Amino acid sequence: MSAWRALLGRELRLALRHPADSLAAVMFFVLVAALFPFGIGPAPEALARLAPGALLASALLAALLPLDRLFGADAEDGTLDQLLLSGIGPAAVALAKAAAHWLTTGLPLLLATPIAAAMLNLAPGAWPAAMAALGLATGFLSLLGVAGAALTLGARRGGVLLPLLVLPLAIPAVIFGAAGIEAAAAGLPARPYLLLLGALLAGALPLAPLAAGAALRVE
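Residues numbered from 1 in each chain as written. Predicted model: local features only at pLDDT ≥ 70, side-chain atom pairs only at ≥ 80, totals over all residues. Heavy atoms only, no water.

Looking up the protein in an unreviewed UniProt entry gives the name Heme exporter protein B, with the organism given as Paeniroseomonas aquatica. Quoted straight from UniProt, the Sequence similarities (unreviewed entry) entry for the protein says "Belongs to the CcmB/CycW/HelB family." As its UniProt record puts it under Subcellular location (unreviewed entry), the protein is described as follows: "Cell inner membrane". (UniProt positions renumbered as here; feature names shortened; annotations may be inferred.)

In structure tokens, the structure reads:
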């Protein structure tokens with residue numbers, strides 16, 4: 001466990017030294033949210049109706065940006081081989097990568113959610129549900145993304161294959177998350193939809209690192 005924590009700390013330190021990926025993801029998220037009023041018009045009712053789906057789709061697309069570099073740099077300089085030989089285990093390495101991705105990309109997106117929600121005229125009462133939905137959905141995407149990044153490692157045009165592999169699997173998170181935000185905006189309980197998102201995350205938590213570890217072992 002101490003070795004795993006050390007690996008997670010290393011990933012976080014690397015991300016802090018090069019914050020461009022996190023900043024780019026947040027800027028992408030906010031800019032995409034800002035484009036919707038220009039595309040569909042500034043009518044508050046139309047914006048509020050589209051806000052749940054727009055928030056989820058924008059956040060998940062933004063979280064995809066750093067995924068293709070999860071293993072790439074380590075594979076190129078030999079660090080990945082050393083990690084796999086260190087005794088931590090491929091699945092544990094993948095889990096540390098997923099945790100670091102969420103902490104450096106998902107968490108900043110979560111903090112930027114009120115800004116995007118205000119741009120989309122989402123009712124302030126639905127902001128807590130929106131933040132909870134985005135937190136769970138981005139965590140789910142981080143786990144899917146680490147599996148996808150491991151599977152496409154070394155593939156030609158892996159950066160193109162990765163979104164094609166991950167995004168279809170993330171559709172249930174978009175559906176449940178948007179439904180939860182919409183329910184909260186209408187004054188209805190969002191808890192059932194958030195529980196479904198939590199179930200997706202709980203299912204991916206053991207399975208995605210195992211799949212990524214198996215792919216890394218093959219590599």
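Asks: So what exactly am I meant to see when it comes to the pattern of salt bridges here?
Replies: Side chains carrying opposite charge are able to pair once their charged atoms draw close together. Under the criterion given, the structure shown has two salt bridges. Here E11 and R10 are joined by a salt bridge, their closest N and O atoms 2.6 Å apart. Since its relative accessible area comes to 22%, R10 is described here as partly exposed. With a closest N to O distance of 3.1 Å, E11 and K97 form a salt bridge. Separated by 86 residues along the polypeptide, E11 in helix 1 (residues 2-17) and K97 in helix 6 (residues 90-119) bring together distant segments of the chain. Look at E11 and you get buried, because its relative accessible area is 11%. Connected through shared salt-bridge partners, R10, E11 and K97 make up one network. (Salt bridge = Lys/Arg side-chain N within 4 Å of Asp/Glu carboxyl O. Buried < 20%, exposed > 50% of the residue type's maximum accessible area, 1.4 Å probe, protein only. Helix = DSSP H or I, 4+ residues; strand = E, 2+ residues; numbered from the N terminus.)

Asks: How do you make sense of the nonpolar core when you look at a structure like this?
Replies: Inside soluble globular proteins, nonpolar side chains tend to come together where they are buried. Of all hydrophobic cores here, the largest spans 57 residues; its most connected members are F29, L55, F71, L122 and L134. Of all elements in the fold, only helix 2 (20-40), helix 3 (44-64), helix 6, helix 7 (127-151), helix 8 (158-185) and helix 9 (191-218) reach the threshold of two or more residues within this core. Ranked by residue count, the leading element in this core is helix 7, at 13 residues. Leaving out residues up to four positions away in the same chain, F29 has contacts with L55, S58, A59, A62, L109, A112, T113, A116 and L134. (Core = buried A, V, L, I, M, F, W, Y, C linked by side-chain atoms within 4.5 Å. Contact = heavy atoms within 4.5 Å.)

Asks: Can you help me understand the environment of L169 in this one?
Replies: Positionally, L169 belongs in helix 8. Residues L169 and L141 lie 28 residues apart in sequence; the distance between their C-alpha atoms is 8.7 Å. In this view, L169 contacts F140 and L144; residues no more than four positions away in its chain are not counted.

Asks: Sorry, what's going on with a nonpolar patch on the surface here?
Replies: On the surface, F28, L61, L65 and L167 cluster together into a nonpolar patch covering about 280 Å² of accessible area. Within the secondary structure, L167 is located in helix 8. A residue is classified by how much of its surface remains accessible, and L167, at 31% relative accessible area, is partly exposed. (Patch = residues over 30% accessible without salt bridge, like charges linked within 9 Å, V, L, I, M, F, W, Y side chains within 5 Å. Areas by Shrake-Rupley, 256 points an atom, 1.4 Å probe, with all protein chains shown as cover.)

Asks: Honestly, the packing of helix 2 against helix 3 in this entry has me stumped. Any pointers?
Replies: Each pair of packed helices gets described by two things: the angle between the helix axes and the distance between those axes. Contact geometry of helix 2 with helix 3 gives a least axis separation of 9 Å together with a crossing angle of 150 degrees. It follows from the interaxial angle that helix 2 and helix 3 lie roughly antiparallel. Like other packed secondary-structure pairs, helix 2 and helix 3 cross with a definite hand, here right-handed. For the pair helix 2 and helix 3, contact is made by A25, F28, F29, V32, A33, F36, P37 and I40 and by A46, L47, L50, A54, L55, S58, A59, L61 and A62, respectively. (Axes fitted to C-alpha atoms, helices over the stretch in contact; angles between N-to-C directions. Parallel < 35°, antiparallel > 145°, perpendicular 65-115°, else oblique. Left-handed = near helix turned anticlockwise from the far one by under 90°.)

Asks: Where do I start with the packing of helix 3 against helix 6 in this structure?
Replies: Two elements in contact, helix 3 and helix 6, have axes separated by 10 Å at closest approach and are oriented at 160 degrees. Viewed along their axes, helix 3 and helix 6 adopt a mutual orientation that is roughly antiparallel. The hand of the helix 3/helix 6 crossing is right-handed. Residues L47, L55, A59, A62 and A63 of helix 3 pack against H101, T105, L109, A116, A117 and M119 of helix 6. Broken down by class, the residue content of the contact of helix 3 with helix 6 amounts to nine nonpolar, two polar and no charged. (Nonpolar A, V, L, I, M, F, W, Y, C, P; charged D, E, K, R; others polar.)

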